[in-house]
Amino acid sequence: MSQSIKIKNALISVYYKDGLEPLVRLLATQGVQLFSTGGTEQFIKDLGLPVTAVEDLTGYPSILGGRVKTLHPKVFGGILNRRSLAGDQEQIAQYEIPEIDLVIVDLYPFEETVKGGGTEQEIIEKIDIGGISLIRAAAKNFNDVVILASKDDYSTLQEQLETQNGETTQAQRKAYAKKAFHTSSNYDTAIFNYFNTEEPLTVFKHSIAQSQTLRYGENPHQQGVYYGDLDAMFTKLNGKELSYNNLVDVDAAVALIDEFEAPTFAILKHTNACGVASKPTILEAWNVALACDPVSAFGGVLIANREIDLATAEEINKLFFEVLIAPSYAPEAIELFRTKKNRVILQRNEVELSKKQFKTLLNGVIEQDKDLVIEGPEQMTAVTGKQPTEQELKDLHFANKIVKHTKSNTIVFVKDDQLISSGVGQTSRVDALKQAVVKAESFGFSLKGAVMASDAFFPFPDCVELAAEAGITAVLQPGGSIKDADSVNMANEKGIAMVTTGVRHFKH
């Protein structure tokens, strides 16, 4: 069916009244009979417009503290009756049920109440029953009924009714129905996930209402969409829209910087750190982080955990970069960065991040807890005759934070709270080590007195041997290999310290 249908009767029952007035006034002007409940009914009366209480239609008052208002055959019969079926028409005539052509309804703020820390009783009372039923009924019968489940659609319907003499097409009604089912499914998923915390059912249910279409995906021939509220996470102070690859790098940068408490700067490229340093000031941290690998830093994603002042901004401004993230900026720094319109400058906001992560894989999805564990000196067990010094323990802790956030197989070299170099994403651990040694040498760093961290155990002693010969004085690894003794013996033979943590940090 593709015919247009004129709206004669409308049921309006909303929690939020924002933006409702112009549409209600138009409906009244077009001779639509309005039915309503509670606060919405009073809202319409206050506009000086005629409205019929749902209680007068059903013959029953709102009962059970408002839990039951619209759940009645005279309401749902008016919504669900099929105008093209003679049997339906005979029944609504028999029971004096008015045809309801438009339903405007929203839902109790369940998610907002949960996020706001409401009590269990308050949260339960925000599980909408009548509203969700009205949405599903009206959306199911989109051939004959318009359903508006979001205030975002008020102006769209208003324009359609103004230009189409109070009528809607089937295509328009079906489009509203699609949005309505999205609203109802998102709402039900939020409720399920609230209940599914104790002894959870092993099912995968996620629903994110907000989305942003990206310029493209990982490559230009791939489409990309971000689902979530970026505006809650960041305040964008300058620059173009974030790309798919930007977002992946920004996610990695945020995860890495959150490991550090002292003033720290990190530079990332393709999710891996190519510069990290903690120093007394953020300017010193920037200069030292950049020195690690100024070549890879070109076009990178930069992140700091302190305010960017003008002096630091002037140094950063010398480098071409894609994205800069910080908790705040001096006004003069923002003004300087805005001289180049495409550079993305983000101010990070306080947002609680998920402790789970998932991705599509094969014909399904895998989900896991995020790796939120990090081992400090207290969790390190010395397994060699030589004990690490206090500074070596500090540097091993620093290196462990970086190795945790670097693609496996990986080896990280650190000295004096600075990333010296790393071997990243290699198919063998010894290749990662060799890569890190070559990189350190290419930028003029001496590894004498530096420490080494590995994301997983050493299956053979060759890594320890090569590291000691390069100047490394202390090594961190999780341990757990059946050949751990070989690596420990090599460390003792070379006169270097080794600690184990018992925790592996693979990252694929």
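Further up the page is the structure itself.
Remarks on unusual backbone geometry
Okay, so step 1: In this structure, Asn-409 follows Ser-408 across a cis peptide bond, with omega equal to -15°.
Okay, so step 2: Even without a glycine there, the phi angle at Asn-165 is positive, about 55°.
Okay, so step 3: Along the chain, Asn-165 falls in the loop between helix H9 (154-163) and strand E7 (167-168).
Okay, so step 4: When its relative accessible area of 57% is taken as the criterion, Asn-165 is described as exposed.
Okay, so step 5: Here the phi dihedral of Thr-271 falls at roughly 75°; this positive angle occurs in a residue that is not glycine.
Okay, so step 6: Assignment of secondary structure puts Thr-271 in the loop between strand E11 (264-269) and strand E12 (272-278).

Details of the packing of aromatic side chains
Okay, so step 1: Applying the stated criterion across every chain yields a total of eleven aromatic pairs.
Okay, so step 2: Centre to centre, the rings of Tyr-15 and Tyr-108 are 6.0 Å apart; their planes meet at 70°, and the pair counts as edge-to-face. You can see Tyr-15 sitting in the loop between strand E2 (9-13) and helix H1 (21-29) and its partner Tyr-108 sitting in the loop between strand E5 (102-105) and helix H6 (110-115), a full 93 residues away along the chain.
Okay, so step 3: Note on Tyr-15: relative accessible area 37%, which makes it partly exposed.
Okay, so step 4: Through pairs of rings, three or more aromatic residues link up here, namely Phe-110, Tyr-187, Tyr-194 and Phe-195.
Okay, so step 5: Sitting over the ring of Tyr-16, Lys-151 keeps its end group 5.7 Å from the ring centre.
Okay, so step 6: A cation over an aromatic ring shows up here: Lys-205 above the ring of Phe-192, its NZ or CZ 5.7 Å from the ring centre.

Some remarks on the pairing of strand E15 (residues 344-348)
Okay, so step 1: As paired elements, strand E10 (residues 234-238) and E15 share four bridges and run antiparallel to each other. Each residue of the ladder has a partner; that of Thr-235, found in E15, is Gln-347.
Okay, so step 2: Bridging between strand E14 (residues 321-326) and E15 involves four bridges; their strand directions are parallel. Directly across from Ile-325, in E15, lies its bridge partner Leu-346.

As for the sheet that holds strand E3 (residues 33-36)
Okay, so step 1: Read across the sheet, five strands follow the order E4-E3-E2-E5-E6 without closing on themselves; strand pairing throughout is parallel. Both edges of this open sheet fall to strand E4 (52-53) and strand E6 (146-148), since each of them pairs with a single strand only.
Okay, so step 2: Inspection of the sheet shows E2 paired to E5 by four bridges, in the parallel sense. Among the inter-strand pairings, Ser-13 is bridged to a residue of E5, identified as Val-105.
Okay, so step 3: Packing against the sheet, helix H2 (residues 38-46) makes contact with E2, E3 and E4, and its axis sits at approximately 140° to E3.

About the cut-offs
- Residues numbered from 1 in each chain as written.
- Predicted model: local features only at pLDDT ≥ 70, side-chain atom pairs only at ≥ 80, totals over all residues.
- Heavy atoms only, no water.
- Helix = DSSP H or I, 4+ residues; strand = E, 2+ residues; numbered from the N terminus.
- Buried < 20%, exposed > 50% of the residue type's maximum accessible area, 1.4 Å probe, protein only.
- Phe/Tyr/Trp six-rings, centres within 6.5 Å; stacked < 30°, edge-to-face > 60°.
- Lys NZ or Arg CZ within 6 Å of the ring centre and 35° of its normal.
- Pairing = 2+ DSSP bridges.
- Contact = heavy atoms within 4.5 Å.
- Axes fitted to C-alpha atoms, helices over the stretch in contact; angles between N-to-C directions.

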